[in-house]
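# Coordinates in review
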Amino acid sequence: MAGVPCFRPSEPVPDELMYVFDSALLSSSIWAVDITLSVSKNARTDSATVRLQMVDEPGPRVSISDMGTKYPLSQRLVLLGEAEPAGDTNSDFVWAWAADLVNGSNFVPVDLHQLSASAVDNQALLLSPSSLTAGATYRFRLDVSDGRSTGRAEVKITINAPPSGGDVSLLPPHGSAVVDTFNITASGWKDDDIPLSFAFFYTHDSVSADTPARRLSEDSTAESVLVFLPAGNLTLIARVADAYGASTDGVTAAIVDPYAPPRYSDMKTHAEELLAQTVICSSNADAVQLIFAFAEHLDQTSLTGGISLQDFQVARATRATLASGLSHIAAGAVNASTALLLMLAQASTAITSDASQLTTEALNRSVDTLASLSSAKALQGVPSAPKGGSCDSVEVCVMKGSEQRCHLNTTCVDNDGHTVRRVPEPVPTALIGSLAEGISNVHVANVRAGLSRNAIVANVKKLRNSVHQLLAASVIGMYPGEQVKRFSTPAFDLAGFVDRKAKSTSTTLEVAPNVKVRTPQAAFQQLA
């Protein structure tokens, strides 16, 4: 009723507003009662009813872990429910998620069945990227029942809008591959949630739109980057993200002329000199850019055909130089970010794309590169610690029927003593795809290289281990109901699996990291 309250919360409750239950009503044989309060004044009457559920023990204590206030539209949203039983009960929990769109003081129900990548009766609720609306606020509720009573937790989340208002520029607008550097700048981007971070990519205008963009840099707060570019008509992409990870892309065009060495016979020496200078004076990312630009030049040359035998030998020697340089960088990449790992993997794919131009040395170095990259911590689901802090991890498994997915639930403490719990995000599919393509390229070259049986088998053992690592990485951080990305290459297929000891096959992904890893069915069959 509107108006002045009948009593203040700090004062004793008046007798006429209090109902005292007698012992008979509280008998254990009665589990729930509906209590109705009716109030009459003059000719007006109003009433309200509430259901009171009585149990021997209180209901489960429910919480939703690791919640922030804003989440980016471009990333999946994972809500992980937790419940503690009341008393000594060992009952199984029944989970139920619901959601509302917050519209001022009103709540509009949302159909989670249409939005969720997982079942709404699972402990973890997963919402796919771009399934919600940027700028909107949602209320998520989790009810957990132990068969006798129900506990509830709820949280409000705002889906963050990305930066806007900026543009991308390039200087110089025209130049040559390998020998010229280009400055890409993303300026004028605005967002309330700072600091902003910037990452740079490119695509060839002549390739399919489904081809992943090639990464040119790691994420950084610097709004410009100096890069080497391959030849062609390129679209340069600046991906600008705010402090919560909401991102948007700005683009500009570039025209890059083919690399022209002083003499074709000098190309290997020129590659060695440029790489040495870049490694000394710049970063690993710059060196990887240069290697990639060189490798794409070799690929474009081999595609045109008509190359002389002498030039072919120069191209093979140059590719070996690039493979050696990349292997050296990859060997120190155990703690590298997924961004740098992707740059390395894409460069390795370019180097190994033409099996005929791989010398034995280039082949062996490429095998080593892929082994280093596939064993990096970022592919093992190990979240990076906060700056100046530390982390401890424990494996957590989630069941859905007979399906089990496990992840590392990591508790980190930053340098200010704040505790942050982290569940790793899935490994980017672009990284897994690039590594899978590189492994396939090297395997094809390995069986055609004229090596001894022992040398071939030694390389295959390393490659097979790399495939195992990719298989494990493909399910890191994933939960029941999530769609698993499938990878098919000329050498193997991550969509089918065989347990070599049991000699049994399966067409569904039932394994998880740290539980069991099966060997891809078509991987290296001729050497099994």
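Whatever comes next refers back to the structure up there.
Below or above, wherever it landed, is the structure these notes cover. (Residues numbered from 1 in each chain as written. Predicted model: local features only at pLDDT ≥ 70, side-chain atom pairs only at ≥ 80, totals over all residues. Heavy atoms only, no water.)

## A look at the packing of aromatic side chains
For the structure on display, the rule yields four aromatic pairs. Ring geometry for Tyr-138 and Phe-140: centres 6.3 Å apart, planes at 35 degrees, overall tilted. Accessibility expressed as a relative area gives 1% for Phe-140, which makes it buried. Above the face of the Phe-107 ring, Arg-139 is positioned so that its terminal group lies 3.8 Å from the ring centre. Over the face of the ring belonging to Phe-201 we find Arg-239, whose NZ or CZ atom lies 4.6 Å from the ring centre. (Phe/Tyr/Trp six-rings, centres within 6.5 Å; stacked < 30°, edge-to-face > 60°. Buried < 20%, exposed > 50% of the residue type's maximum accessible area, 1.4 Å probe, protein only. Lys NZ or Arg CZ within 6 Å of the ring centre and 35° of its normal.)

## Structural notes on empty space enclosed by the protein
This structure, assessed with the given rule, holds four cavities of 30 Å³ or more. The volume enclosed by the largest cavity comes to roughly 80 Å³. In terms of lining, the largest cavity is formed by Tyr-202, Arg-215, Leu-216, Phe-228, Pro-230, Val-288, Gln-289, Phe-292, Ala-293, Met-343 and Gln-346. Counting residues per element, the lining of the largest cavity draws most heavily on helix 3 (residues 284-304), at four residues. Classifying every residue of the lining of the largest cavity by side-chain character gives eight nonpolar, two polar and one charged. (1 Å grid on protein atoms, 1.4 Å probe; cavity = no way out; pocket = protein on both sides within 12 Å on 5 of 7 lines; lining within 4 Å. Points joined across faces, edges and corners; volume = space filled by probe spheres on them. Helix = DSSP H or I, 4+ residues; strand = E, 2+ residues; numbered from the N terminus. Nonpolar A, V, L, I, M, F, W, Y, C, P; charged D, E, K, R; others polar.)

## Examining the sheet that holds strand 13 (residues 182-187)
Backbone hydrogen bonds are what pair the strands of a sheet, in a parallel or an antiparallel way. Taken together, three strands build an open sheet; the order of strands is 11-13-16 and the sheet is antiparallel. Each of the sheet's edge strands pairs with one partner strand only, and the pair in question is strand 11 (167-171) and strand 16 (224-227). Between one strand axis and the next, the sheet turns through 15 degrees on average, direction left out of account. Alignment of strand 13 against strand 16, held across four bridges, turns out to be antiparallel. Within strand 16, the residue paired with Thr-185 across the bridge is Ser-224. (Pairing = 2+ DSSP bridges. Axes fitted to C-alpha atoms, helices over the stretch in contact; angles between N-to-C directions.)

## Thoughts on the environment of Leu-451
Secondary-structure assignment places Leu-451 in the loop between helix 7 (429-448) and helix 8 (453-473). Owing to a relative accessible area of 17%, Leu-451 belongs among the buried residues under this scheme. Sequence separation between Leu-451 and Thr-360 is 91 residues; the distance between their C-alpha atoms is 7.9 Å. Not counting residues up to four positions away in its chain, the partners in contact with Leu-451 are Thr-360, Leu-363, Asn-446, Ile-456 and Asn-459. (Contact = heavy atoms within 4.5 Å.)

## Overview of the packing of helix 4 (residues 309-331) against helix 6 (residues 360-374)
Packing of helix 4 against helix 6 brings their axes to within 8 Å, and their N-to-C directions diverge by 25 degrees. Here helix 4 lies roughly parallel to helix 6, going by the angle between them. Between helix 4 and helix 6 the crossing geometry is left-handed. Facing Arg-319, Ala-320, Ala-323, Ser-324, Leu-326, Ser-327, Ala-330 and Ala-331 of helix 4, the residues of helix 6 in contact are Ala-362, Arg-365, Ser-366, Asp-368, Thr-369, Ser-372 and Leu-373. Counted by class, the contact of helix 4 with helix 6 contains seven nonpolar, five polar and three charged residues. (Parallel < 35°, antiparallel > 145°, perpendicular 65-115°, else oblique. Left-handed = near helix turned anticlockwise from the far one by under 90°.)

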